[in-house]
Structure formats: structure tokens, C-alpha cells
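# Fold and geometry: a report
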Amino acid sequence: PANGATLGTSSVTFDWSDVTSSQIDGQLYDLSYYVLQYSTSSSFDSQNTINISSSGGSPLRDSSYGPINLGDGIYYWRAKAIYVEYPEGTLREGQ
């Protein structure tokens, strides 16, 4: 759902922008997987937060997850890309 969205259903599909690779301090990184968090706490307190990093037993590599049924209430969510560094000279798929 978009920031500040109000939904009239408990079935939600989370969707975010795709990430494939990144360059940080001159090093090239490729996407390994995403971590999706949703919580009833805007500060993502650990006791109120669900972490999802796999789907169907495989790492979560799609930039969406769902649908899932949430109970009534206010939820906060965020997604984080987890990268793997490729040493210089390593062949990467698609390169």
C-alpha cells in the first residue's frame, strides 16, 4: 500500500520498487534478497514486527509479497534490499 493509504480490506499485497544492483564506495553489489517488515508499531519494536525474507522456501527476490490477511488496525511496513558483494574479476550472471 502507498504511504498513508487506508484500505477497506484485510487482504494486503506489499509492493515496492525493484532493486537489482548498487555501487557503494566503488564496490559493485548485486541484490541477494529483500527483507519485508510489517508492524503495528511505527518504531518497528521487535515484539510487534514480522520479518519476511523468504517465500515458498526460497529467498524473497520479488519486489512484492502477498496477498496476506492482516487483522484490523494500523500497520507500518518497509522493505530492505540485502546485497552480496562480488569481488573484482568475478563473473556475474547477465554480464
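Described in the following lines is the structure provided in the data block. All values derive from a computational prediction rather than experimental measurement.

### Observations concerning the side chain of Ser39
By the secondary structure assignment, Ser39 is in strand β3 (residues 27-39). A distance of 2.9 Å separates a polar side-chain atom of Ser39 from the backbone oxygen of Asn48. A polar contact is formed between the side chain of Ser39 and the side chain of Thr49, at a distance of 3.1 Å.

### So, the packing of aromatic side chains
Aromatic rings in a pair are described by how distant their centres are and how their planes are angled relative to each other. Counted under the stated rule, the structure contains five aromatic pairs. Pairing Trp16 with Trp77 gives two aromatic rings, centres 6.2 Å apart and planes at 50 degrees, and the pair type is tilted. Of this pair, Trp16 sits in the loop between β1 (11-15) and β2 (21-24) while Trp77 sits in strand β8 (residues 76-85); the two residues are 61 residues apart in sequence, bridging distant segments of the chain. Seen from the ring of Phe44, Arg78 lies directly overhead, with NZ or CZ sitting 3.8 Å from the centre.

### Re the nonpolar core
Most often, soluble globular proteins have nonpolar side chains that are buried together. In terms of nonpolar packing, the biggest core is built from eleven residues, these being Val12, Phe14, Trp16, Leu31, Tyr34, Leu36, Tyr38, Ile52, Leu60, Ile68 and Leu70. Taken together, the elements giving at least two residues each to this core come down to β1 and β3. In terms of residue count, the dominant contributor to this core is β3 (four residues).

### A closer look at the pairing of β3
Judged from the four bridges that link them, β2 and β3 form a sheet pairing that is antiparallel. Its bridge partner being in β3, Ser22 is matched across the sheet by Tyr29. Hairpin connection, β2 to β3: the antiparallel pair is bridged by two residues, and Asp25 has positive phi, about 50 degrees. Pairing analysis gives ten bridges linking β3 to β8, with the strands arranged antiparallel. The residue of β8 that forms the bridge with Ser39 is Tyr76. Bridge count for β3 against strand β4 (residues 49-52) is four bridges, and the pairing is antiparallel. Counterpart to Tyr38 in the pairing with β4 is Ile50.

Calculation criteria
- Residues numbered from 1 in each chain as written.
- Predicted model: local features only at pLDDT ≥ 70, side-chain atom pairs only at ≥ 80, totals over all residues.
- Heavy atoms only, no water.
- Helix = DSSP H or I, 4+ residues; strand = E, 2+ residues; numbered from the N terminus.
- Polar contact = N/O pair within 3.5 Å; in protein donor to acceptor, adjacent residues only side chain to side chain.
- Phe/Tyr/Trp six-rings, centres within 6.5 Å; stacked < 30°, edge-to-face > 60°.
- Lys NZ or Arg CZ within 6 Å of the ring centre and 35° of its normal.
- Core = buried A, V, L, I, M, F, W, Y, C linked by side-chain atoms within 4.5 Å.
- Buried < 20%, exposed > 50% of the residue type's maximum accessible area, 1.4 Å probe, protein only.
- Pairing = 2+ DSSP bridges.

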